[in-house]
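# A look at the structure
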Amino acid sequence: AQKVTQAQTEISVVEKEDVTLDCVYETRDTTYYLFWYKQPPSGELVFLIRRNSFDEQNEISGRYSWNFQKSTSSFNFTITASQVVDSAVYFCALSEPAGGGADGLTFGKGTHLIIQP
Amino acid sequence: DAGVIQSPRHEVTEMGQEVTLRCKPISGHDYLFWYRQTMMRGLELLIYFNNNVPIDDSGMPEDRFSAKMPNASFSTLKIQPSEPRDSAVYFCASTWTGITDTQYFGPGTRLTVL
């Protein structure tokens with residue numbers, strides 16, 4: 001069965017520091033998708049990124065970057081020069097779509113990121 | 001474009017009462033998912049539909065929970081009778097296979113059962 005582990009329950013850093021959120025996943029499928037979602041204090045779930053299992057290329061979007069390594073089953077998320085607005089709970093998630101369709105997401109427990117001014 | 005719409009945003013009810021949560025997916029999306037978020041269990045999938053047909057309801061906790069999708073624009077999650085342990089935030093999400101599994105979430109319904 002699939003599983004997502006976010007070992008860091010809470011991280012607190014001072015503004016402008018870089019911070020990395022860890023995500024380790026387990027799956028028996030060769031085709032799968034990995035996601036990161038952000039949940040700010042207001043409570044909504046905001047999609048950040050999707051990565052499929054055949055694309056190990058790292059991605060950068062502004063201050064955000066993602067490192068996908070199949071060899072270690074990890075999909076880590078780094079925020080460079082953190083800002084107070086980055087304070088939120090961040091979730092890593094996994095799906096195993098079969099037959100070209102969609103599938104439900106398996107979420108990690110989330111990492112609560114606190115950026116102190 | 002409008003995102004996923006959920007109603008009500010907050011619901012407070014007493015134990016034993018029937019509760020109905022509603023969701024309108026993004027137009028054109030053919031998958032709809034219901035999730036529940038609690039402190040103890042985190043985010044967990046309850047059920048999902050494809051083209052209005054339930055595909056996987058293995059996450060539905062008990063027979064007290066039921067979900068329907070009468071058409072492509074509307075789904076309900078019903079709890080009857082409700083219990084205090086059902087208190088949680090219930091999220092609805094939708095996606096389209098053309099964009100392969102990126103699920104977009106509604107704002108959630110915060111349910112409190114007294």
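Anything mentioned here points back to the structure above.
Our subject in this report is the structure included herewith. Here the structure is a predicted model, which is why all the values come from computation and not from measurement.

## Comments concerning the state of the cysteines
Per the stated rule, a full pass over the model turns up two disulfides over all chains. Two residues share a disulfide in this structure: Cys23(A) and Cys92(A), whose sulfurs sit 2.0 Å from each other. Between Cys23(A) and Cys92(A), the S-S dihedral sits near -65°, and the bridge is therefore left-handed. Taken together, the residues span a long stretch of sequence, with Cys23(A) in the loop between β3 (19-21) and β4 (24-26) and Cys92(A) in strand β10 (residues 88-95) at a distance of 69 residues. Take Cys23(A): its relative accessible area is 0%, and that puts it in the buried class. Note on cysteine connectivity: Cys23(B) is disulfide-linked to Cys92(B), with sulfurs 1.8 Å apart.

## Let's talk about the nonpolar core
If you look at the biggest cluster of nonpolar residues, it comprises 23 residues, and the most contacted ones within it are Trp36(A), Phe75(A), Phe77(A) and Tyr90(A). Secondary-structure elements contributing two or more residues to this core are β2 (10-14), β3, β5 (33-39), β8 (64-69), β9 (74-79), β10 and β12 (111-116) of chain A. Considering each element in turn, this core owes the most residues, four residues, to β10(A). In this structure, Leu77(B), Ile79(B), Leu111(B) and Val113(B) belong to the second largest nonpolar core, which totals 21 residues.

## As for the pairing of strand β9 (residues 88-95) of chain B
Residue and element names in this part refer to chain B. With eight of its eight residues buried, β9 lies for the most part within the structure. Residues of β9 alternate between two faces, with Ala88, Tyr90, Cys92 and Ser94 on one and Val89, Phe91, Ala93 and Thr95 on the opposite face, all of them buried. Across seven bridges, strand β4 (residues 31-38) lies against β9 in antiparallel orientation. The residue bridging Tyr35 from the neighbouring strand is Phe91, located in β9. One ladder, built from three bridges, connects β9 with strand β11 (residues 109-113); its direction is antiparallel. Bridge assignment links Tyr90 to a residue of β11, and that residue is Thr109. The pairing of β9 with strand β10 (residues 104-105) spans two bridges and is antiparallel. Bridge pairing in β10 places Ala93 opposite Phe105.

## Here we look at the interface of chain B and chain A
The interface is formed by 20 residues belonging to chain B together with 19 residues belonging to chain A. Summed over the shared surface of chain B and chain A, the result is zero salt bridges. Inspection of the region where chain B meets chain A yields eight residue pairs in polar contact (both at pLDDT 80 or more). Going through the elements one at a time, β4, β5 (42-50), β9 and β10 of chain B are the ones with two or more residues in the side of chain B that touches chain A. When its residues are assigned to classes, the side of chain B that touches chain A shows eleven nonpolar, seven polar and two charged.

Cut-offs used in this document
Residues numbered from 1 in each chain as written. Chains lettered and ligands numbered in written order. Predicted model: local features only at pLDDT ≥ 70, side-chain atom pairs only at ≥ 80, totals over all residues. Heavy atoms only, no water. Disulfide = S-S within 2.5 Å. Helix = DSSP H or I, 4+ residues; strand = E, 2+ residues; numbered from the N terminus. Buried < 20%, exposed > 50% of the residue type's maximum accessible area, 1.4 Å probe, protein only. Core = buried A, V, L, I, M, F, W, Y, C linked by side-chain atoms within 4.5 Å. Pairing = 2+ DSSP bridges. Contact = heavy atoms within 4.5 Å. Salt bridge = Lys/Arg side-chain N within 4 Å of Asp/Glu carboxyl O. Polar contact = N/O pair within 3.5 Å; in protein donor to acceptor, adjacent residues only side chain to side chain. Nonpolar A, V, L, I, M, F, W, Y, C, P; charged D, E, K, R; others polar.

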